[in-house]
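Analysis of the macromolecular model
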Amino acid sequence: MPERKNAMIRVRDLTRTYQMGEFEVQALRGVSFDIRRGEFVAIMGPSGSGKSTLMNLIGCLDTATSGDYLLDGLPIEALDPALLAAIRNRKIGFVFQQFHLLPRATALQNVALPLAYRGGLTRDEREERAATALQRVGLADRMGHRPSELSGGQQQRVAIARALVNGPALLLADEPTGALDSRTGEEIMALFGELNADGMTVVVVTHEAGVARQAHRLLELRDGLLVRDAPIGAARRTAGSLAGAVARRRRLPVRTAWRRAV
Ligand SMILES: Nc1ncnc2c1ncn2[C@@H]1O[C@H](COP(=O)(O)OP(=O)(O)O)[C@@H](O)[C@H]1O
Ligand SMILES: [Mg+2]
């Protein structure tokens, strides 16, 4: 089935319970969805609804209490930690709200760092790849700057370049615009949009509707449950105009055609 083949992320009945002394916190209470290769998905929901918990599971930084997670068809819970770390390093790029850059290292050194963990590349090759990643995020002229010499938006771009440098297929960002003013946040989201247009699968957590609108699909969490899964932004407009075209052709009410189109 093509759908199965295209599902990069397949999550079924995923739960995550944190043990806090004698109390249990059910951060995720049974979440199921697929994300196909090439999608641009926003995850929204109030604080404490389980967004970061879900991202950590998708990103293989944590494992579920129960349920299944297939990443590119691989059952993540069944893999041993060394293999999991290798998959994470190669397939997944992470961006966080706080940029987590090394303060004394230059932009180029910060971006080259994940390549050193991977091994197998000379210093020149690492720096060349890091420079390419920095060019990709529009920082070709800031490679020698340290984080304190860069604006918040520029620091987040360095963090994005670092996430890209291993050539991941999946980019995960947990509130990447949370520490930025709204205009800079929009620029960062536009960059994610460009990377998605280049073929990257992008999943972004945000609590700002304006930020989420740039994605193509919205997953909404509430109290550890998925309460909405809907097209947004460009996808919604495409579906909307498609529905209009179908309605005109078939003389259906747009509403019915919309349901069929999406
Ligand atoms: N490491 C942890 N230990 C205990 N409880 C946690 C831990 N991480 C998150 N939680 C709890 O799980 C719930 C979901 O948290 P989180 O996934 O961080 O939500 P969000 O990112 O949507 O704000 C919250 O009630 C939070 O307090
Ligand atoms: Mg969070």
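Here the structure is shown first, and the text comes after it.
Structure report, in brief.

Tallying secondary structure elements over the protein gives 10 helices and 10 strands in all. When the 262 residues of the protein are sorted by exposure, 37% land in the buried category. Considering only intrachain contacts with a sequence separation of at least 6, the fraction spanning at least 24 residues in the protein is 64%.

Here we come to the nonpolar core. Among soluble globular proteins, nonpolar side chains are generally buried collectively. Among the nonpolar cores identified, the biggest contains 65 residues, and Ile43, Val111, Leu134, Ala161 and Leu172 are the most heavily contacted of them. For this core, the leading source of residues is helix α6 (residues 152-164), giving six residues. Those residues within four positions of leucine 134 in sequence are excluded, and the remaining contacts are Ala107, Leu108, Val111, Leu139, Ala140, Met143 and Ala161.

A separate point is the environment of arginine 162. Looking at the element boundaries, arginine 162 is found in helix α6. You can call arginine 162 buried: it has 26 C-beta atoms within 10 Å. Remark: the alpha-carbon pair of arginine 162 and leucine 134, spanning 28 residues in sequence, is separated by 8.2 Å.

In this section: the site of ligand 1. All residues in the neighbourhood of ligand 1 are listed as Tyr18, Met20, Val25, Ala27, Gly45, Ser47, Gly48, Ser49, Gly50, Lys51, Ser52 and Thr53. Elements represented by at least two residues in the shell around ligand 1 include exactly β1 (7-20), β2 (23-36) and α2 (51-58). With three residues, the single largest contributor to the shell around ligand 1 is α2. Taken together, the residues of the shell around ligand 1 break down into four nonpolar, seven polar and one charged.

Both β1 and β2 contribute to a ladder of 11 bridges, which runs antiparallel. Residue pairing in the sheet places arginine 10 in a bridge with aspartate 34 of β2. The hairpin turn running from β1 into β2, its antiparallel successor, is two residues long, and glycine 21 in that turn takes a positive phi close to 60 degrees. Strand direction decides the pairing type here: β1 and strand β4 (residues 66-71), joined by five bridges, are antiparallel. Across the sheet, residue isoleucine 9 finds its bridge partner in β4, namely leucine 71.

A separate point is the sheet that holds strand β8 (residues 201-205). Taken in spatial order, the six strands of this open sheet run β6-β7-β8-β3-β9-β10, and their pairing is mixed. Taken across any chain shown, the strands that pair with only one partner, and hence form the sheet edges, are β6 (92-96) and β10 (225-231). Going across the sheet, the axis of each strand differs from the next one's by a mean of 15 degrees, ignoring polarity. Pairing geometry for β6 and strand β7 (residues 170-174), over five bridges, is parallel. Looking at β7, one finds that phenylalanine 96 is bridged to aspartate 174. Each of β6 and β7 is contacted by α6, which is oriented at about 165 degrees to β6, the strand it contacts most. Contacting β3 (40-44), β7 and β8, helix α7 (residues 182-197) crosses the sheet at an angle of about 155 degrees to β8.

Moving on, we get to the sheet that holds β4. What links the strands of a sheet is backbone hydrogen bonding, and the strands pair in either a parallel or an antiparallel sense. If you trace the four strands from one edge of the open sheet to the other, you get β2-β1-β4-β5, paired in antiparallel fashion. Sheet topology places β2 and β5 (74-75) at the edges, where each strand pairs with a single neighbour.

Here we come to the packing of α6 against α7. Orientation of α6 relative to α7, taken along the N-to-C sense of each, is 20 degrees, at an axis distance of 10 Å. The angle between α6 and α7 places the two elements in the roughly parallel class. The hand of the α6/α7 crossing is right-handed. The segment α6 lies against α7, with Gly152, Gly153, Gln156 and Ile160 engaging Thr184, Glu187, Ile188 and Leu191. Class assignment of the residues belonging to the contact of α6 with α7 gives a composition of three nonpolar, four polar and one charged.

How each quantity is defined
- Residues numbered from 1 in each chain as written.
- Chains lettered and ligands numbered in written order.
- Predicted model: local features only at pLDDT ≥ 70, side-chain atom pairs only at ≥ 80, totals over all residues.
- Helix = DSSP H or I, 4+ residues; strand = E, 2+ residues; numbered from the N terminus.
- Buried ≥ 20, exposed ≤ 12 C-beta atoms within 10 Å, placed from the backbone.
- Contact = placed C-beta atoms within 7 Å.
- Core = buried A, V, L, I, M, F, W, Y, C linked by C-beta atoms within 7 Å.
- Near = placed C-beta within 6 Å.
- Nonpolar A, V, L, I, M, F, W, Y, C, P; charged D, E, K, R; others polar.
- Pairing = 2+ DSSP bridges.
- Axes fitted to C-alpha atoms, helices over the stretch in contact; angles between N-to-C directions.
- Parallel < 35°, antiparallel > 145°, perpendicular 65-115°, else oblique.
- Left-handed = near helix turned anticlockwise from the far one by under 90°.

Coordinates in, geometry out; function isn't part of it.
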